[in-house]
Amino acid sequence: MSQRIRKAIFPAAGLGTRFLPATKASPKEMLPLVDKPLIQYVVEEAVASGIESVIIVTGRGKSAIEDHFDISFELEELLRERGKDEELKQVRAISEMARISYVRQREALGLGHAIYQARDLVGDEPFAVMLSDDIVDAETPALKQMLDVYEKYDAPVIGTMQVAGEAISRFGVIDTEEVSEGVYKIKDMVEKPPFNEAPSDLAIIGRYILTPDIFDEIEKTQPGAGGEIQITDAMRSLLKKRELYAVRFEGTRYDAGDKLGFLIATVEFALKHPDLAPGFCEYLKSLEL
C-alpha cells in the first residue's frame, strides 16, 4: 500500500527575470492573477488535493510570500472595525489554509537544487512538488488526479501535457507507453531537447509526486541545461532503479510564468469571476480588434 502524501514543496526562489522590471523587488509568485497571487492558486490546489503541510523554498527578496500567508493583525483589526466581514473572512482564511514552513535557497541553481533544500523538512516521506507559475484550472484538482495514479502504482508520477510544434523544446519531454487513458509509463526523458530530437509531444509541467530516494539522485546530479541542477536529470537517473509514471490531466494549464500566458490567464479567470465577468465581458466586446 502506498504511503500517503502529506507534504508539498513549492520552489519560489527564482529571480523571475521574464517579468522584469515588475519582479525587481517583488516576487514573481506574488503577481496578482485577477485578485489572488499566483502562489495562492497553487496552494489552494494542494489543500484541495489533501496536502496538509506546505514547504515553500524562498530566497532573498521573497518576504512578501511569508507575509501573505501569515496573520495580519493590523489589517484584520481594521477590517473588523469597518464591518468588512467578507474581506476579513477571506484574509483570515489565507493564514489558516495549511501548515506552512519555509527554507532558503541561497543561490538559484535549478529546480533540482531547490527541491533538495527541503530534504530535512520532507524526511523519509513521498511528497509533491508544485510550481506556482503553472496554473491549472480543472474540475478535479490536477494534483488530485495525479495522487490517484500514485496510489494505484505506488510510484513517482509526473504531470504532463501535449505541446505541438517547436514549443516542445522549452520543456522536459518524456518518452512513454500509454498504460490507460491519459496515464503513461515513462521509458525515458530529456530536458529541453531540440524539436527534431524530442521523443514525443508530451511535456513535463510543474506538478510532480516524488519519493524520498530522489534526493540521493539529486545529490549525484551534475549541472545540466542552463548550468543548473535539473530535476529531469535526477528523475532520469531514478528511472534506472524504479518505475515512473506520467498523467495527462484533465483541465486547462496556463503558463503564468510567461507574459503572454499570464495575460491569457488573467482574461480567462476574469471572465469566470462572478463579480467581474459581466462588466469585463461587455468591455471586451466593445474593443475594436
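Residues numbered from 1 in each chain as written. Predicted model: local features only at pLDDT ≥ 70, side-chain atom pairs only at ≥ 80, totals over all residues. Heavy atoms only, no water.

Draft legend 1. Fine view of the pattern of salt bridges. If you walk through the whole model with that rule in mind, you get 24 salt bridges. Of the charged contacts in the structure, one is a salt bridge between Asp 255 and Arg 170, with a shortest N-O distance of 3.4 Å. Residue Asp 255 is found in strand β13 (residues 252–255), and its partner Arg 170 is found in the loop between β8 (157–162) and β9 (172–180); the two are separated by 85 residues along the sequence. Assessed through its relative accessible area of 14%, Asp 255 is described here as buried. One salt-bridge network, held together by shared partners, links Arg 4, Arg 6, Lys 7, Glu 52 and Glu 125. (Salt bridge = Lys/Arg side-chain N within 4 Å of Asp/Glu carboxyl O. Helix = DSSP H or I, 4+ residues; strand = E, 2+ residues; numbered from the N terminus. Buried < 20%, exposed > 50% of the residue type's maximum accessible area, 1.4 Å probe, protein only.)

Draft legend 2. Quick look at helix α10 (residues 259–270). If you check α10, its first and last C-alpha atoms are 16 Å apart, about what 12 residues at 1.5 Å a residue would give, namely 16 Å. When we look at burial in α10, the residues that qualify are Gly 261, Phe 262, Ala 265, Phe 269 and Ala 270. All buried residues of α10 project into a common sector of 155° when viewed along the axis, lining one side. Those residues of α10 that are exposed and angled more than 90 degrees off the buried face are Leu 260 and Leu 263. Sitting at the amino-terminal end of α10 is Asp 258, which places a side-chain oxygen 3.1 Å from the backbone nitrogen of Leu 260. (Expected span 1.5 Å × (residues − 1). Arc of directions from axis to C-beta. Polar contact = N/O pair within 3.5 Å; in protein donor to acceptor, adjacent residues only side chain to side chain.)

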